[in-house]
Amino acid sequence: MMKFSRRATLLGLTATAMGPMSLALAAVPGDKRFIVVVLRGAMDGMAAVVPHGDPGLSALRGAAPQGLLDLGGFYGLHPALAGLHEFYRSGELLPVHAIAGPYRVRSHFEAQDFLESGADHRMTSGWLNRTVAAMACPAMAVGVSVPLLLRGPSQIANWAPHGMAEPAPDLYAAIAALNQGDRVIGPAIAAGLKERGFSARALMGKTEETNRNAFPALAASAGAMLAAPDGPRIAAMELGGWDTHTAQANRLVGPLKQLDAGMVALKTALGPAWKQTAVLIMTEFGRTARINGTGGTDHGTGGVAFVLGGAVKGGRILADWPGLGAGKLFENRDLAPTTDLRSVAKGLLAGHLGLGSAALEQIFPASAGVTAAKGLV
Amino acid sequence: MDTRSIHALIRFGLGRRGTEQLPADPGTWLLSQLRAADPPRIDPFPSTASGLAALRDDRANKPMPGQSKARALFVAQAAGELGHALTTAAPFQERLVWFWTNHFTVSLRRGECTGVACAFIEEAIRPHVAGRFSDMLLAVMRHPAMLLYLDNGRSVGPNSLAGENGKRGLNENLARECLELHTVSPAAGYTQDDVTALARILTGWSIEIQGEPQGFVFRPRAHEPGEHRFMGHTVPPGEEGGIAALQFLANHPATHRFLATKLVRHFVADEPASADIRRVEAALRDTKGDLAAAAGALVGLESAWQPGTKLRTPREFVIAAIRSLDPPEDRRPNTLGLLGALGEPFMAAPAPNGWPDKAADWAAPEAMIRRIDWANGFAGRLGARDPVEIADLTLGPLLRPATLDAMRRAGSRRDAFTLMLTSAEFQRR
């Protein structure tokens, strides 16, 4: 593992102008690790962390699903998140419910920009890059690109495994559908996906299918690099496949399992460094409280974020639950947001990385009214 | 946006580069590219001299794999060639360079032509894409890359001075491919005797590698003496005989028909209409093989302005994708390695007949999935740019409403850009 980690570190860090940052290695207090995972496409928080104790749920979603993993009675974790549930039981997972950023847009692209900017408008740098600037520590984007979250004045390394980046099954499915009318390309894509092991039913979203996108492998690589003595201390990763407008019960299983396996792989690869690690998993918005006409959910507002890691005070839920009954939904369609995502992020930057309020105000502009959540770590 | 303007860049060019200006008069814009030479800026510029010097060193030093000077030269020059395709403002000229380079295939898979492969493009092909076919044919047949690839450098006339010691003899490889693939094609009805005769006519057409000056050399000692009967004509001995034979082949009606068919198949349709072939054939015949006239005739075909009839090859696909996003030079993918992964390694066609030119040849299921996988990886470079805006720039009115709709509903910018790159309207030209 050390050998791989060293090689990966060299590959990644030398590839994208690492020079000035390695000088600042010693600046990180206590060698803390901070990782942000962006779930692109809007994860349905009410399916990931099911509020089955709320009497209004069944009217919106029908009976609660079988096999939920208990989170203290009122909430249950999706069965595909067994690894995260173990973290919860060992006090290392803190789900945050009814959370949203400060913006109220339902466009993926805009909302992702705002989520990563850390503001209610698009900025040219991301809040994690500004964090890196304040910390003066090495940081890395793990994946084929540097997300807006990590773009900005501070130099960021970028690492991705060799080989090609396979899309998530739902993107393959969308591509297959879009090209099916082409007499040459259509049959070729259909046959190619079949040869790659995607059944036609899976591509239609009809069955559970393991996402072949290598998120757990990516997370393991990230963990190995973060564990290295000369490795990055701040990192960002991305995982797609959450835009479940149809057949959500089946479509969600793949991405959830990827996320779950990824976090388990991250912990394993970090080894002893896990104790100094906090991870924030966030998505651009939640989804509609009601199931739509095609067994899916549409773009909504309030959702779920996860905070986890060896440094996290977990084993509980953080939520000011707004309720699902009559008149409780935001615009009569979405879970109402009661926690500002920035308060959780600021709480982690303050509690975990030791940043002061002046730095936090620079990282999240015009957020003086948003108090950093206390006691997360 | 006018469909013809964007179509001109896609059908006859390499796809729109970023926000490059669209031609107001597409036909005039295309034909104007035939007048101005637009060679790639490659440092050091490919040349036969440097390529053969590298080959000479490699032969002497027998380098380990990866240490070959010729290979290093090729990799640097190939990157220059492909980089040029990403930025050229004369993409029709570049497409013609690609077409004729493939017509006269030299491949790294055979012979020792690696060091001179890019010199072949710049010396034998590019100067002639708007010139006479007979000039291009002569330049090709005398180029060390072709002479190495198809073994003519060591072909010796049986009755020549060099042949009389009996160690070496005739090699028909170049002569056969010249007839079958480069000029008249089997439709002309030539015989094995004609193949052998042309091989004898071309004996002595060789390469100076060890001595100076390096390059093409006619070796009288290896040349088969006497007159030759070739396709019903008498060809005199000497180097002039070969030149005359090639001149005859270049202006043969069967050559015009064959070239016209290939041109229309490449630029217009997998199954070219015979009326279209006749138009281009007539242009070649009436101008004694003026390739600019042939290119002009192609542009003048009504059917050439029907979008989407051809599938982009992996190289065309990748170049168009990169031109569409138009990243800065230091953020462009390694195109050379990529073409290998996608099944069209640069200057490495499997056989002398070159890369195939029909959709079915490129639409193998795994090949299509690899395009998708690559596109998805490349789409990660989109950054914060608006994929819908790029789609509008790149495809204009050719973008289907269904694709636009799918892009707008995609879960991320990157997914949306992947959808554009893998759409049928982008994969076709």
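Use the structure listed above.
Computed from a prediction, not measured in an experiment: that's the story for all the values here.

Enquirer: Could you give me a rundown of the overall build of chain A, with the residues and numbers involved?
Expert: Across its full length, chain A holds 15 helices and 11 strands. Residues classed as buried in chain A amount to 58% of the 377 residues present. Taking the contacts inside chain A whose residues are at least 6 apart along the sequence as the reference set, 75% of them involve residues at least 24 apart.

Enquirer: An account of the interface of chain A and chain B is requested, with residue identities and associated values reported.
Expert: With 32 residues of chain A in contact, the opposing surface of chain B contributes 31 residues. Elements supplying a minimum of two residues to the side of chain A that touches chain B: α6 (108–117), α8 (169–179) and α9 (185–195) of chain A.

Enquirer: Summarise the sheet that holds strand β3 (residues 69–70) of chain A; cite the residues concerned and give the values.
Expert: All names here are of chain A. As summarised here, the arrangement of the 3 strands in space is β2-β4-β3, forming an open sheet in which the pairing is antiparallel. Of all strands in the sheet, those bounded by a partner on one side alone are β2 (49–50) and β3. Taken together, the 2 bridges between β2 and strand β4 (residues 76–77) define a ladder with antiparallel strand orientation. In the strand pairing of β4, Val-50 is matched with Gly-76.

Enquirer: For the sheet that holds strand β11 (residues 339–340) of chain A, give the residues involved together with the corresponding values.
Expert: Residues and elements named next belong to chain A. Spatial strand order, β7-β6-β8-β1-β9-β10-β5-β11: 8 strands in an open sheet with mixed pairing. At either margin of the open sheet sits one strand with a lone partner, and together these are β7 (157–159) and β11. In this sheet, strand β10 (residues 303–308) lies alongside strand β9 (residues 277–283) in antiparallel orientation, the contact comprising 3 bridges. When the bridges of β10 are listed, Leu-280 appears paired with Val-307. Contacts from helix α11 (residues 215–227) reach β1 (33–39), β6 (139–142), β7 and β8 (234–239), with the element oriented near 180° to β8.

Enquirer: Could you give an account of the environment of Val279(A), with specific residues and numbers?
Expert: Residue and element names in this part refer to chain A. Mapped onto the elements of the fold, Val-279 is located in strand β9. Using a count of 28 C-beta atoms within 10 Å as the deciding quantity, one classes Val-279 as buried. Sequence separation of Val-279 and Val-36 is 243 residues, and the distance between their C-alpha atoms is 5.7 Å. Residues in contact with Val-279, not counting those within four places in the same chain, are Ile-35, Val-37, Met-263, Leu-308 and Gly-309.

Enquirer: Describe unusual backbone geometry, naming the residues involved and giving the relevant values.
Expert: Here the bond from Asp43(B) into Pro44(B) is cis, since omega is -5°, no more than 30 degrees from zero. Examined against the element boundaries, Pro44(B) turns out to sit in the loop between α2 (26–32) and α3 (48–61). Of the consecutive residues Glu212(B) and Pro213(B), the connecting peptide bond is found in the cis state with omega at -10°. Here Pro213(B) is to be found in the loop between β1 (205–208) and β2 (215–218). The phi dihedral of Ala247(A) falls on the positive side, at around 40°, and the residue is not glycine. With respect to the helices and strands, the residue Ala247(A) is situated in the loop between β8 and α12 (248–251). Taking the C-beta count within 10 Å as the criterion, Ala247(A) has 16 such neighbours and is therefore assigned partly exposed. Its identity is not glycine, yet Met231(B) carries a phi of approximately 50°, on the positive side. Among the secondary structure elements, Met231(B) is positioned in the loop between β3 (228–230) and β4 (233–235).

Enquirer: Explain helix α11 (residues 239–250) of chain B residue by residue, including any values.
Expert: A rise of 1.5 Å per residue sets the reference length of α11(B), with its 12 residues, at 16 Å; its end C-alpha atoms lie 17 Å apart and thus fit the reference within 8%. For α11(B), the set of buried residues is Gly241(B), Gly242(B), Ala245(B), Leu246(B), Leu249(B) and Ala250(B).

How each quantity is defined
- Residues numbered from 1 in each chain as written.
- Chains lettered and ligands numbered in written order.
- Predicted model: local features only at pLDDT ≥ 70, side-chain atom pairs only at ≥ 80, totals over all residues.
- Helix = DSSP H or I, 4+ residues; strand = E, 2+ residues; numbered from the N terminus.
- Buried ≥ 20, exposed ≤ 12 C-beta atoms within 10 Å, placed from the backbone.
- Contact = placed C-beta atoms within 7 Å.
- Pairing = 2+ DSSP bridges.
- Axes fitted to C-alpha atoms, helices over the stretch in contact; angles between N-to-C directions.
- Expected span 1.5 Å × (residues − 1).

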